[in-house]
Amino acid sequence: MTLDDSLRALEAYYGSMPPVAAMDVSVAGYDGDSLRLHAPLSSHVNDKGSAFGGSLVSVMTLAAWGLVTLRVEQAGLDAEVYVADSTVRYRAPLLGDLEAEATLDDAGDWSTFARTLRERGRARVALTARIALPDGSTATEMQARYVAIRRSAADA
């Protein structure tokens, strides 16, 4: 599967989940190190005219989940990916579209993650996701751990 095929499949997978489809999330970019998702403010506006807090955390969670999912696929592995835990900081109201970017934490290593998943059947990885304000400063940021559990041949 090509990278473009993987990104189209990821976007289709997001769209197959009714709550995510209602969020109008789309893949905005992927460079191997980070995954960016876009969602229009019009689908996420709260009573103050800014982005709803639940939407901010949801789009960041989906960006980080998608990044781990892509990296598992690129490693040639078949696994389910789950969010294990997260901490979110809301820094400023966002009055524009949601642009979430997820990256591996500085201390993380994709090679170690893939090797552990291959050898033990499960692995954890820490990620950071962020939604920026139009001026580049941070609206919301999330620290999260994700776990991947390899599917067995019997599950496939």
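Check the entry above for the structure.
This text gives an overview of the structure that appears in the document. Note that this is a predicted model, so its numbers are computed, not measured. Residue indices begin from 1 for each chain and proceed along its sequence in written order. Confidence filtering applies because this is a predicted model: local features only for residues at pLDDT of at least 70, side-chain atom pairs given and counted only at 80 or more, and all residues used for totals across whole chains, interfaces and linings. Computation of side-chain values covers all heavy atoms of the structure but excludes hydrogens and water.

### Side note on the side chain of threonine 138
Phase 1 of the analysis: Turning to its location among the elements, threonine 138 is positioned in strand β6 (residues 138-150).
Phase 2 of the analysis: Throughout this description, a polar contact denotes any pair of N or O atoms lying within 3.5 Å of each other; where both atoms belong to protein, one of them has to be capable of donating a hydrogen while the other can accept it, and for residues adjacent in sequence the pair is counted only when both atoms sit in side chains. In this structure the side chain of threonine 138 is engaged in a polar contact, spanning 2.8 Å, whose partner is the side chain of arginine 130.
Phase 3 of the analysis: Residues in contact with threonine 138, not counting those within four places in the same chain, are Arg91, Ala92, Arg130, Ile131, Ala132 and Leu133. Helical segments are the DSSP runs of H or I of at least four residues, strand segments are the runs of E of at least two, and each set is numbered from the N terminus. Residue contacts follow a heavy-atom distance rule, with two residues in contact if any of their heavy atoms lie within 4.5 Å.

### Details of helix α1 (residues 3-16)
Phase 1 of the analysis: Taking 1.5 Å of rise per residue, 14 residues should cover 20 Å, and α1 covers 20 Å from first to last C-alpha, within 8% of that figure.
Phase 2 of the analysis: Structurally, α1 contributes buried residues whose contacts are with α2 (18-23), β1 (26-30), β2 (34-39) and α3 (53-74). Each residue after the first adds 1.5 Å to the expected span of a helix.

### Focus on the side chain of serine 34
Phase 1 of the analysis: Mapped onto the elements of the fold, serine 34 is located in strand β2.
Phase 2 of the analysis: Only 3.0 Å separates the side chain of serine 34 from the side chain of glutamate 101, close enough to count as a polar contact.
Phase 3 of the analysis: Beyond its immediate chain neighbours, meaning those up to four positions away, serine 34 contacts Gly29, Leu67, Glu101, Ala102 and Thr103.

### Let's talk about the pairing of strand β4 (residues 98-104)
Phase 1 of the analysis: A 1.4 Å probe rolled over the protein chains alone gives each residue an accessible area, and that area as a share of the maximum for its type sets the label: buried under 20%, exposed over 50%, partly exposed in between. The alternating pattern of β4 places Leu98, Ala100, Ala102 and Leu104 on a buried face and Glu99, Glu101 and Thr103 on a face that is not buried.
Phase 2 of the analysis: Any two strands with at least two DSSP bridges between them are considered paired. By the bridge criterion, six bridges tie β2 to β4 in an arrangement that is antiparallel. Directly across from histidine 38, in β4, lies its bridge partner glutamate 99.
Phase 3 of the analysis: Of the strand pairs in this sheet, β4 and strand β5 (residues 122-132) are connected by five bridges, and their pairing is antiparallel. The partner of glutamate 101 across the bridge, within β5, is arginine 130.

### Some remarks on the environment of leucine 3
Phase 1 of the analysis: For leucine 3, the position within the fold is in helix α1.
Phase 2 of the analysis: Leucine 3 sits in the partly exposed class, given a relative accessible area of 38%.
Phase 3 of the analysis: Spatially, the C-alpha atom of leucine 3 lies 19 Å from that of glutamate 80, the residues being 77 residues apart in sequence.
Phase 4 of the analysis: If we ignore the near neighbours within four places in the chain, the residues touching leucine 3 are Tyr30 and Gln74.

### Concerning the pairing of β5
Phase 1 of the analysis: Only one face of β5 is buried: it carries Ala123, Val125, Leu127, Ala129 and Ile131, and the other face, with Arg122, Arg124, Ala126, Thr128, Arg130 and Ala132, is open.
Phase 2 of the analysis: Here eleven bridges tie β5 to β6, and the two strands are oriented antiparallel to one another. The partner of alanine 129 across the bridge, within β6, is methionine 142.
Phase 3 of the analysis: What sits between β5 and β6 in their antiparallel hairpin is a turn of five residues, with glycine 136 showing a positive phi close to 95°.

### Some remarks on unusual backbone geometry
Phase 1 of the analysis: The phi dihedral of aspartate 24 falls on the positive side, at around 60°, and the residue is not glycine.
Phase 2 of the analysis: The class for aspartate 24 is partly exposed, based on a relative accessible area of 44%.

### Structural notes on the packing of aromatic side chains
Geometrically, a pair of aromatic rings is defined through the distance of the ring centres and the angle of the planes.
Phase 1 of the analysis: Here a Phe, Tyr or Trp ring, Trp counted by its six-membered ring, pairs with any other such ring whose centre lies within 6.5 Å, and the pair is stacked when the planes are under 30 degrees apart, edge-to-face when over 60, and tilted otherwise. In the structure shown here, the tally under the stated rule is three aromatic pairs.
Phase 2 of the analysis: Note on tyrosine 13 and tryptophan 65: the rings are 5.5 Å apart at their centroids and 15° apart in plane angle, and the pair reads as stacked. Of the two residues, tyrosine 13 is situated in helix α1 and tryptophan 65 in helix α3; the sequence distance between them amounts to 52 residues.
Phase 3 of the analysis: Taking relative accessible area as the criterion, tyrosine 13 reaches 42% and is therefore assigned partly exposed.
Phase 4 of the analysis: Judged by relative accessible area, which is 16%, tryptophan 65 ranks as buried.
Phase 5 of the analysis: Here the aromatic rings of tryptophan 110 and phenylalanine 113 are separated by 5.6 Å at their centres, their planes lie at 80°, and the arrangement is edge-to-face. Of this pair, tryptophan 110 and phenylalanine 113 both sit in helix α4 (residues 110-120), separated by three residues, roughly a single helical turn.
Phase 6 of the analysis: A relative accessible area of 9% means that tryptophan 110 is categorised as buried.
Phase 7 of the analysis: Under the relative-accessibility criterion, phenylalanine 113 is labelled buried at 4%.
Phase 8 of the analysis: A connected cluster of aromatic rings, assembled from ring pairs, spans Tyr13, Tyr14 and Trp65.

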